Structure formats: C-alpha cells, structure tokens
2 protein chains.
Amino acid sequence: MQLTDHQLIDFDKNGYLFFPGKFSPDEATLLKQEAEAVYAMDRKEVWRESSGVARTAFAAHRYNEGFRRLGAHPRLIEPVEQVLDGSVYMHQFKVNAKAAFDGDVWQWHQDYGTWKRDDEMPEPRAMNIAVFLDDVTAANGPLLFIPGSHKLGVVEAGHDLETTSYPLWTLGRDKVSELAERGGCVAPTGPAGSMLMFSSLLVHASPANISPFDRTIVYLSLCHVDNHIRAFNREEWIAHREFKAIEAMDDNCLMELIAERRQAAE
Amino acid sequence: MQLTDHQLIDFDKNGYLFFPGKFSPDEATLLKQEAEAVYAMDRKEVWRESSGVARTAFAAHRYNEGFRRLGAHPRLIEPVEQVLDGSVYMHQFKVNAKAAFDGDVWQWHQDYGTWKRDDEMPEPRAMNIAVFLDDVTAANGPLLFIPGSHKLGVVEAGHDLETTSYPLWTLGRDKVSELAERGGCVAPTGPAGSMLMFSSLLVHASPANISPFDRTIVYLSLCHVDNHIRAFNREEWIAHREFKAIEAMDDNCLMELIAERRQAAE
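An unreviewed UniProt entry lists chain A under the name Phytanoyl-CoA dioxygenase family protein, from Sneathiella marina.

## Concerning the pairing of strand S10 (residues 195-199) of chain B
All names here are of chain B. For S10, a buried count of five out of five residues is recorded, marking the element as mostly surrounded by other parts of the structure. Because side chains alternate across S10, one face comprises the buried residues Met195, Met197 and Ser199, and the other comprises Leu196 and Phe198, equally buried. Sheet analysis places strand S1 (residues 16-19) next to S10, joined by four bridges and oriented antiparallel. Each residue of the ladder has a partner; that of Phe18, found in S10, is Leu196. Here strand S6 (residues 126-132) runs beside S10; their pairing, made up of five bridges, is antiparallel. Looking at the pairing, Val131 lines up with Met195 of S10.

## Observations concerning the confidence of the model for chain A
Per-residue confidence for chain A averages 94 on the pLDDT scale, and 98% of its residues sit at or above 70. For this predicted complex, the interface confidence reaches an ipTM of 0.83, while the overall pTM sits at 0.89.

## With respect to the relation of the copies chain A and chain B
Copies of the same chain, two in number, are related to each other by a rotation about an axis and a translation along it. Of the transformation superimposing chain A on chain B, the axial component is 0.0 Å and the angular component is 180°, with the fit at an RMSD of 0.0 Å. Considering both components of the superposition, the chain copies are consistent with a two-fold axis. Among all residues of chain A, the minimum C-alpha distance to the rotation axis is found for A:Ala138, at 2.1 Å. A share of 100% of the interface residues of chain A reappears at the interface of chain B, consistent with the copies meeting face to face through the same patch.

## Description of the pattern of salt bridges
Residue and element names in this part refer to chain A. Following the criterion strictly, the structure yields 33 salt bridges over all chains and no others. Here Glu236 and Arg62 are joined by a salt bridge, their closest N and O atoms 3.0 Å apart. Here the residue Glu236 occupies a position in the loop between strand S12 (217-224) and helix H7 (253-265), and Arg62 occupies one in the loop between strand S3 (54-58) and helix H3 (65-70), the gap between them amounting to 174 residues. Residue Arg62 is classed as partly exposed on the basis of its relative accessible area of 39%. Put simply, Asp119 and Arg234 hold a salt bridge, and the shortest N to O gap is 2.8 Å. Pair noted here: Asp119 is in helix H5 (residues 111-119) and Arg234 is in the loop between S12 and H7, with a separation of 115 residues, a long-range link. As far as the burial class goes, Asp119 and Arg234 line up, both buried. Salt bridges here are not isolated pairs; linked through shared partners, they connect Glu65, Arg68, Arg69 and Glu260.

## Section: H5(A)
Residue and element names in this part refer to chain A. In terms of residue burial, H5 counts as a mostly covered element, since seven of its nine residues are buried. Every buried residue of H5 is listed here: Asp111, Tyr112, Gly113, Thr114, Trp115, Asp118 and Asp119. Among the residues trailing H5, Glu120 stands out with phi positive, at a value near 50°.

## Side note on the sheet that holds S1(B)
Residue and element names in this part refer to chain B. Judged by pairing direction, the sheet is antiparallel, and its seven strands sit side by side in the order S1-S10-S6-S12-S4-S3-S2 without closing on themselves. Two strands in the sheet have a free side with no partner beyond their single neighbour: S1 and strand S2 (46-48). Each strand of the sheet is rotated relative to its neighbour by a mean of 15°, with strand direction disregarded. Along the sheet, helix H2 (residues 25-39) makes contact with S2, strand S3 (54-58) and strand S4 (88-96), crossing S3 at roughly 100°.

## Re the interface of chain A and chain B
Contacts between chain A and chain B engage 24 residues on the former and 24 residues on the latter. Both sides of the chain A and chain B interface together cover about 1900 Å² of buried area, and 74% of this is carbon and sulfur. When the buried area of chain A at its contact with chain B is split by residue, A:Phe101, A:Arg173 and A:Ile210 rank highest and sum to 32% of it. The interface formed by chain A and chain B contains zero salt bridges. Counting residues per element, the ones that place at least two in the side of chain A that touches chain B are strand S5 (106-109), helix H6 (173-183) and strand S11 (204-206) of chain A. No other element matches the four residues that H6(A) contributes to the side of chain A that touches chain B. A per-class count over the side of chain A that touches chain B returns 17 nonpolar, five polar and two charged.

## Description of the packing of aromatic side chains
All names here are of chain A. Per the counting criterion, the structure on display carries 18 aromatic pairs over all chains. Considering the side-chain rings of Tyr16 and Phe145, the 5.1 Å spacing of their centres and the 50° angle between planes classify their relative orientation as tilted. Highlighted residues: Tyr16 in strand S1 (residues 16-19) and Phe145 in strand S7 (residues 144-145), separated in sequence by 129 residues. For the pair Tyr16 and Phe145, one class covers both residues: buried. The interplanar angle of 80° and the centroid separation of 6.5 Å between the aromatic rings of Trp47 and Trp237 together place this pair among those described as edge-to-face. With a gap of 190 residues between them, Trp47 in strand S2 (residues 46-48) and Trp237 in the loop between S12 and H7 connect regions that are remote in the sequence.

## What about the environment of B:Ile77?
Residues and elements named next belong to chain B. Assignment of secondary structure puts Ile77 in helix H4 (residues 74-84). Exposure remark for Ile77: the relative accessible area of 0% places this residue in the buried category. Spatially, the C-alpha atoms of Ile77 and Ser87 are 8.8 Å apart, while their sequence positions differ by ten residues. Discounting residues that sit within four places of it in the chain, Ile77 has contacts with Gly71, Ala72, Val88, Leu222, Ile246 and Ala248.

What counts, and where the lines are drawn
Residues numbered from 1 in each chain as written. Chains lettered and ligands numbered in written order. Predicted model: local features only at pLDDT ≥ 70, side-chain atom pairs only at ≥ 80, totals over all residues. Heavy atoms only, no water. Buried < 20%, exposed > 50% of the residue type's maximum accessible area, 1.4 Å probe, protein only. Helix = DSSP H or I, 4+ residues; strand = E, 2+ residues; numbered from the N terminus. Pairing = 2+ DSSP bridges. pLDDT = per-residue confidence, 0-100. Least-squares fit on C-alpha atoms with pLDDT ≥ 70 in both. Contact = heavy atoms within 4.5 Å. Salt bridge = Lys/Arg side-chain N within 4 Å of Asp/Glu carboxyl O. Axes fitted to C-alpha atoms, helices over the stretch in contact; angles between N-to-C directions. Buried area = accessible area lost by both parts, 1.4 Å probe. Nonpolar A, V, L, I, M, F, W, Y, C, P; charged D, E, K, R; others polar. Phe/Tyr/Trp six-rings, centres within 6.5 Å; stacked < 30°, edge-to-face > 60°.

Here you go:
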C-alpha cells in the first residue's frame, strides 16, 4: 500500500492522486448499499437538501459496519500515514449523496480553511480521501480541483452561510481565477470504487448534479494524531474529538463483510 | 464532407455524432474572438444572465462576418443536407456563453419540442450543430445527452418560464430517468473546434458552469427548406423567417478570413 516515489512527486506537485478502481465493483456495491441504509435513517447526522433528499451523512463509520471498515481500510490509511509521516485519526467522515437532479453545488473552498478557522487544527497536516460509490462522470457533478493550489497555504475566504445548506469558508472568484490561470482546473472521473487522495489545502468545488444518476462519494478526513483540533465549536459528529490512532484492518475486510452478509442471507 | 455508412448507423442509433477537433485551433480562436466582439455589443439579440454577463447572442451570423461564414460552412452544411436529404435553411443561430462562474443551467429538453409548439415546424426534419469555441471539459458545464432519446418523438413537457432567463419546454424528472435507464447519459468533451451534430429530438441539458473557465458553444439549427416554420410567434431573430437554401461556402472560408485580418493588421 506504499506510494511510489513517482506518486509522491506527483502529489507534491499537484496536491492530489487519483486511483481509478482502487476498490472492486463488489466492494463499491456493498458501500453503496450501506449509504442507502444510512440515508434512510432518521438521525441528526443525516443532513438533507431543501428538497428533502439526503445531502450528507456525517460520522457514518460510527453507526454502519461497512463504513466502520472503510474508515480503517489499509488502502487509504497506509498511504496517508506515509505522506503525513505518522499515525492518523479520523477528523471527519462524510457520505455525500449529490442525488440525481437535486444534488447541490459545493462552492470553491479549502477544507483546511474551515478546520483552522472553526476547529483550530494547528497545521494542514491532514488529508482527504474520496471513495466513489457511483460512477463519477462529466455528467453527474464531479469534484473539481485546481492542481497546485495546495502550495499557497490558507487562502483568504469568506464564510458562506447562504448559497447551500452547509456553512463553508469559500474563496472569491478573482482568487479562483488567479489560481486556475496557473494550475488549470481538472475533474477526475472514473468508475465506482475509484479513490482520490487530496491535500487538505487543495482548492476544490463540485457543481450541482442535474443528471438522472446519483453521485455518492465518501469523504474521509484523516489528521496526524499530534495535530488534533483544539477548539470544539462544531458538533462532535462533524469535527470528531476522538484522537486515538487508527489501526489499519486487513485488506480483505470489506470482502469478509460481503461474505458474511451472503452467508447470512442463505 | 459526406458521412460514412458507419456514422449514419451511429447517428440513427444514438441521435448524435461527435467530431473532436473538426475545426482547427486557428479557426476556433477566430470564432472565439468573434464571440467576444458580439457579446460586447449592445443589441437586442444579446441576452444576459441576471448577473449581466452574456448568455446568448441570437442570429450572430447576420451581424458578424466569422459567424456568417460558419453558418455556411461545408463541414456542417453538407453532413446535415445528407441526413435531412435536401437543402437546408437556418432556423436558429445562437452563440451560448456559459461564462465562468455565472453560466446558468439549461434544463432537460428537446429542441424540436419548442419548434413544434411555438413555431409550428411541421416535422422534426431539422438538425442541431454545436461548435465548441472553448475546450469543453467535465469541469465547465458540458452538454449532456441521453443517447437514443430521439427515437421517441416529441415527449411531454412543461413550459418552464422560471428556472432560467430563457423560456423552455422542459421534461419532467420521471421521464428523464426513464429515458436514461435505457440510454444512459453522456457528456461529450473535447478541445475548442470540436463539433457535435445532434437530432432536434435528442433529449439534452447542460449544468451550470461553476469553473473559472468560459464554455462558449455556437449552436446552429438547420431545417429542411420544405419544413420551414408556419407560425411567427417568436422574434424573427430567434426563429428565423428567411427560408432560402444555404449554399455551402468553400472549406477554407474561415482560414481566408484569418488571412485577411492578418494582412489588414500588418
């Protein structure tokens, strides 16, 4: 599960790495079913669009077995430990729906901007992982990155409380244009099971999903254990307060769950 | 400029054909400059988003030399004549901006739905051509098609006067989902100069452009001369009333204009 030198250079330059098909179709299908189960729950952690469809399920690794295992999967824990140089804890865990027709925009932002301002996370020694649970295409609201934008530290931002149902520190257009003049703008697309690893400083956004297909992505935010947050302004199921190191499970931990479920169904 | 048998079969099955790089980078650059000149004009044919930036310039082939030539270019006139089996006139000519950050959504619709209901065009014996004047990527609001949806005639639609600044007969979500179950949903992307040819019955949409890059596309709607509209409910610069056959110019007509401009600048 270690990244190659070439991958490390790539990550340093662009601020992200893309791994198409990192999880198998069976693993992706399992996790998609888990997402549907979670969205059907009436819990405070499940936020909805103004239309009522699910937008985000927070902390789903605490109340769902598939997501518990994903949150300790070596395919994501080990590369992140490698780049952050040490043990990590789970700062945030979101299953973002971006439902067909209804999925709303996420404006341009850096995640670390919010973690610093709202949670007093000392350094950007934290990493995002995105695991696609649906095929992500040009049609259904892919994640947009500005390559290289992680090199600039925390960029000035304003607190957007109006555009969407989720408060976010967002960048101004002039700043986004300036960054994109240098780095361009990319939209990694690939099949369900693909994985993105991206810097907590990388400037990103995602458009609304007007397509007839869902676009579910799990976002895990992993932080070095020494770099845990100092302020507890947000709900503990949004910005977690359990700072102990994650121990990676076995690589087949999701396949075992699939086998258990199949056996139970027989 | 004739389509091959294979292309004709493809078009019949999917309702569209994609020609990446059909126009050269020089030709695309010329037309992008023409678009900027047109958007800077204060004319009734240039419609704007609520923010003030240009959304659509109608009938630009009548007041701009580059677009006049594009409207008679053999690379689009000849394949359309071939499929529609005869001479064609220009029913509509739009330069759609979909500006960076501001470019708004176009909901799911069939163009012929509007032409039949509003303009009394007798048959769907008409074709759309899209010429990309910017690179179209997954990031900047690409056109979305439902392949095969042109096979179903005019689908039920409602008149949307509210969602955007342009009135449109749009399809319901259940219908779009039903069509996409069968045909899927594609977003052809490619460099500036690429060309799409698509049936006037093909169900399509395009999302908002939240990226920092523009996404300008020229749309030409060509109609068989015998199939001209019967009702004149819309402005004549939106739904044209000049039904005479277009005579295709030479293939180098845009290159000649580039050469003329270069000479004049020397």
